[in-house]
Amino acid sequence: GQQVMQIPQYQHVQEGEDFTTYCNSSTTLSNIQWYKQRPGGHPVFLIQLVKSGEVKKQKRLTFQFGEAKKNSSLHITATQTTDVGTYFCAYYGGATNKLIFGTGTLLAVQP
Amino acid sequence: NAGVTQTPKFRVLKTGQSMTLLCAQDMNHEYMYWYRQDPGMGLRLIHYSVGEGTTAKGEVPDGYNVSRLKKQNFLLGLESAAPSQTSVYFCASSSTGTRSETQYFGPGTRLLVL
């Protein structure tokens, strides 16, 4: 069955450093969504990628969808303390054909 | 416009007790979902609803029941709570269930079963 791995599980950076999290699938994905969850908060939608090779930017965040639509990445340039939280990728699939979330990457930013 | 709200925010149960979690949305969304979030496992879909009066099983439905009597409300019931059901429960809604749809999440209910 379709499996998506999200790496790393945890990353600790100094404020100002860059950060990247990866979402890797064993099969082709129709699209992929990214969510952010602040500590103690709830997931909040960031973006959706649909096209092969698609790149989208939101200020310091850059999202990419691989050419084969099997992987995606979220890159944050010059992290800030407000970037702290867990970043999830999510895709539609599985037996229910509903949104399936990756295990998430917890980002800690030291001032 | 409150979005998605959940009641209660936090609850402690003893094994075998029952409780109902309430989710309400004011966005007139058709689809509603219940997820549980456990450390290191992301969010897993428990049950979902594609409209008033309908429910369907998700990835981890055992031990839970749901009802959608009104479009704006989605109830999650635990008939006989077990320690394995200690988790954070999130409700979400979306306008439709299409693959391009964004889901909007409630603030969560933290449940501890002793």
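Cut-offs used in this document
- Residues numbered from 1 in each chain as written.
- Chains lettered and ligands numbered in written order.
- Predicted model: local features only at pLDDT ≥ 70, side-chain atom pairs only at ≥ 80, totals over all residues.
- Heavy atoms only, no water.
- Helix = DSSP H or I, 4+ residues; strand = E, 2+ residues; numbered from the N terminus.
- Rg over C-alpha atoms; globule rule 2.2 N^0.38 Å.
- Contact = heavy atoms within 4.5 Å.
- Areas by Shrake-Rupley, 256 points an atom, 1.4 Å probe, with all protein chains shown as cover.
- Lys, Arg positive; Asp, Glu negative; His and termini not counted.
- Charge placed at Lys NZ, Arg CZ, Asp CG, Glu CD.
- Phe/Tyr/Trp six-rings, centres within 6.5 Å; stacked < 30°, edge-to-face > 60°.
- Buried < 20%, exposed > 50% of the residue type's maximum accessible area, 1.4 Å probe, protein only.
- Pairing = 2+ DSSP bridges.
- Axes fitted to C-alpha atoms, helices over the stretch in contact; angles between N-to-C directions.
- Salt bridge = Lys/Arg side-chain N within 4 Å of Asp/Glu carboxyl O.
- Disulfide = S-S within 2.5 Å.

Asker: A description of the overall build of chain A should follow, citing residues and the corresponding values.
Answerer: Each helix and strand in chain A was counted, giving 0 helices and 11 strands. Ordering the α and β elements of chain A from the N terminus gives β-β-β-β-β-β-β-β-β-β-β. Relative to its length of 111 residues, chain A is compact, with a C-alpha radius of gyration of 13 Å against a globular reference of 13 Å. By its C-alpha atoms, chain A is 40 × 30 × 20 Å across when sized along the principal axes. Restricting to contacts in chain A with at least 6 residues of sequence separation, those with at least 24 account for 52%. For chain A, the accessible surface area stands at approximately 5,200 Å², while carbon and sulfur atoms represent 52% of it. If you average the places of the 10 positive and of the 6 negative side-chain charges in chain A, the two averages end up 11 Å apart.

Asker: Could you give an account of the packing of aromatic side chains, naming the residues involved and the relevant values?
Answerer: This model, assessed by the stated rule, comprises 12 aromatic pairs over all chains. Seen in terms of ring centroids, Phe-19 of chain A and Tyr-87 of chain A are 5.9 Å apart; in terms of plane orientation they differ by 45°. Their pairing is tilted. Here Tyr-87 of chain A lies in strand β9 (residues 85–93) and Phe-19 of chain A lies in strand β3 (residues 19–25), a separation of 68 residues in the sequence. With respect to class, Phe-19 of chain A is no different from Tyr-87 of chain A; both count as buried. Relative to Phe-105 of chain B, the ring of Tyr-35 of chain B has its centre 5.6 Å away and its plane inclined at 40°; by these criteria the two rings are tilted. In this pair, Tyr-35 of chain B sits in strand β4 (residues 31–37) while Phe-105 of chain B sits in strand β10 (residues 104–105), placing the two residues 70 residues apart along the sequence. Summarising the burial analysis for this pair, Tyr-35 of chain B and Phe-105 of chain B share the class buried. Through a chain of ring-to-ring contacts, three or more aromatic side chains come together here, namely Tyr-35, Phe-45, Phe-88 and Phe-101 of chain A together with Tyr-31, Tyr-33, Tyr-35, Phe-90 and Phe-105 of chain B.

Asker: Pulling in residues and values, what's your account of the environment of Val-84 of chain A?
Answerer: By the element assignment, Val-84 of chain A lies in the loop between β8 (71–76) and β9. Dropping the residues within four chain positions of it, Val-84 of chain A is found in contact with Lys-36, Arg-38, Pro-39, Leu-107, Ala-108 and Val-109 of chain A.

Asker: Explain the sheet that holds strand β8 (residues 73–78) of chain B residue by residue, including any values.
Answerer: Residues and elements named next belong to chain B. Read across the sheet, 4 strands follow the order β1-β3-β8-β7 without closing on themselves; strand pairing throughout is antiparallel. Only two strands of the sheet have a single partner each, and these edge strands are β1 (4–7) and β7 (65–67). Each strand of the sheet is rotated relative to its neighbour by a mean of 20°, with strand direction disregarded. Two elements, β7 and β8, share 3 bridges in a ladder whose sense is antiparallel. Residue pairing across strands places Ser-67 opposite Leu-75, the latter belonging to β8.

Asker: Which residues make up the sheet that holds β3 of chain A, and what values go with them?
Answerer: All names here are of chain A. Ordered in space as β1-β3-β8-β7-β6, the 5 strands form an open sheet in which the pairing is antiparallel. In the strand order of this sheet, the two ends are held by β1 (4–7) and β6 (55–58), each with one partner. Each neighbouring strand pair of the sheet contributes to a mean axis angle of 10°, computed without reference to strand direction. Bridge count between β1 and β3: 4 bridges; the pairing is antiparallel. Along β3, the bridge assignment pairs Ile-7 with Tyr-22.

Asker: Break down the pattern of salt bridges for me, with residues and values.
Answerer: Residue and element names in this part refer to chain B. Summed over the entire model, instances satisfying the criterion amount to 5 salt bridges over all chains. Between Asp-38 and Arg-36 there is a salt bridge, with the nearest N and O atoms lying 2.9 Å from each other. You'll find Asp-38 and Arg-36 in the same group, each marked buried. Through salt bridges with shared partners, a single ionic network connects Arg-36, Asp-38 and Arg-44.

Asker: How would you sum up the state of the cysteines? Please name residues and give values.
Answerer: Applying the stated rule across the entire model yields 2 disulfides over all chains. Residue Cys-23 of chain A pairs covalently with Cys-89 of chain A via a disulfide, S to S 1.9 Å. The sign of the 55° torsion about the S-S bond sets the Cys-23 of chain A-Cys-89 of chain A disulfide as right-handed. Highlighted residues: Cys-23 of chain A in strand β3 and Cys-89 of chain A in strand β9, separated in sequence by 66 residues. A relative accessible area of 0% places Cys-89 of chain A in the buried class. Each sulfur in the disulfide pair Cys-23 of chain B and Cys-91 of chain B lies 1.9 Å from the other. Disulfide Cys-23 of chain B-Cys-91 of chain B: the torsion about the S-S bond is -75°, which places it as left-handed. Of this pair, Cys-23 of chain B sits in strand β3 (residues 19–25) while Cys-91 of chain B is found in strand β9 (residues 87–94), placing the two residues 68 residues apart along the sequence.

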